[in-house]
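Coordinate analysis (summary)
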Amino acid sequence: MVGGGGFRTDVERFGWRASLFARLMRRLQKRLRVHVCRVRIRPLIADRPAAQLPPGLRVDRLDRETLHRACEDPEISLSREFVEAALERGDVSFGVLDGDRLVSYMWRTHTTAPHKDGLWVRANRPYVYGYKGFTHPDYRGQHLNPAVSLYSDGYHVARGYTHNIGFLDVHNLSSLATRKYKGNVPIGYAGYVNWFGRCVTFRTPGVKRTGFEFYDPGREESV
């Protein structure tokens, strides 16, 4: 995704330079399989007021029983295999419940998490990495994901973590602009190139200092 509109609309919103750069990077990703992401960190804040949810909804840390029950819902995009593997790694999940029904969730890790193209993401203390966020289509537009993030911040601060770390494709102008106003601070770039059947990963010095990286579990190396 670039800006979500035509080129002229993107130029009006983001300027010529950003719009041209985003289209170039999108073509590189599509044709040459070059993936470049902007990595950002956000301070975790434990004492912010809880988000106001619609009546009947509540946010909570999700236990194994709740997650297994959610796996039975074909619209919630969870499997028991995924849940058990994540819990085994020590990852934690937070979500919004409508009664006993899970309608929105996200996972956080301070070790490793699966990405795509056979790669994983690594995050080290004091950073936590959020992944696999999902909201049921019937509940979208109610700002449930921010409510989950707010709730989970306090959990991690109490355990000594200070920042959330994440990334967005550099051609995703709309999301980059939105995240800019949510306390996210860019620290550099990371990504990978699919090269003759294998992924060559890279990261800039600012990202490397945090310990964040894309990596292939079968080839523990990056630059």
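That block above? That's the structure.
Here's a quick rundown of the structure. Predicted model, so just to flag it, every value in this text is computed and none were measured.

Read from one edge to the other, the open sheet built from eight strands follows the order 2-3-4-7-8-1-9-10, with strand pairing classed as mixed. Two strands lie at the open edges of the sheet, namely strand 2 (57-61) and strand 10 (198-203), each paired on one side alone. Recorded for the sheet is a direction-independent mean angle of 25 degrees between the axes of neighbouring strands. Relative to strand 4 (residues 101-109), strand 3 (residues 92-98) is paired through seven bridges, and the arrangement is antiparallel. Within strand 4, the residue paired with G95 across the bridge is Y105.

A few words on the pairing of strand 7 (residues 127-135). Two strands pair when backbone bridges link them, and strand 4 and strand 7 are joined in this way by five bridges, in the antiparallel orientation. Across the sheet, the residue bridging to R108 is G130, located in strand 7. Judged from the three bridges that link them, strand 7 and strand 8 (residues 163-169) form a sheet pairing that is parallel. When the bridges of strand 8 are listed, V128 appears paired with N164. On the question of chirality, the crossover connecting strand 7 to the parallel strand 8 by way of helix 5 (residues 144-157) is right-handed.

A few words on the pattern of salt bridges. One pass over the full model with this rule turns up eight salt bridges. Notably, a salt bridge pairs D153 with R42, separated by 2.9 Å at the nearest N-O pair. One end of the pair, D153, is in helix 5; the other, R42, is in strand 1 (residues 34-43), with 111 residues separating them in the sequence. Judged on exposure class, the residue D153 and its partner R42 are both buried.

Sheet strands pair by backbone hydrogen bonding; their relative direction is either parallel or antiparallel. One open sheet holds the three strands; their spatial order is 5-6-11, and the pairing between them is antiparallel. Of all strands in the sheet, those bounded by a partner on one side alone are strand 5 (112-114) and strand 11 (213-215). Taken pair by pair, the neighbouring strands of this sheet meet at an average axis angle of 30 degrees, ignoring direction. Pairing analysis gives three bridges linking strand 5 to strand 6 (residues 120-122), with the strands arranged antiparallel.

Another aspect to go through is unusual backbone geometry. The omega torsion of the bond from R125 to P126 falls at 10 degrees, within 30 degrees of zero and hence cis. Among the structural elements, P126 can be located in the loop between strand 6 and strand 7. A positive phi is found at D117, a non-glycine position, where the angle reads about 55 degrees. By secondary structure assignment, the location of D117 is in the loop between strand 5 and strand 6. One non-glycine residue, K132, adopts positive backbone phi at about 45 degrees.

Procedures and definitions
Residues numbered from 1 in each chain as written. Predicted model: local features only at pLDDT ≥ 70, side-chain atom pairs only at ≥ 80, totals over all residues. Heavy atoms only, no water. Pairing = 2+ DSSP bridges. Helix = DSSP H or I, 4+ residues; strand = E, 2+ residues; numbered from the N terminus. Axes fitted to C-alpha atoms, helices over the stretch in contact; angles between N-to-C directions. Right-handed = clockwise from strand over helix to strand, strands pointing away. Salt bridge = Lys/Arg side-chain N within 4 Å of Asp/Glu carboxyl O. Buried < 20%, exposed > 50% of the residue type's maximum accessible area, 1.4 Å probe, protein only.

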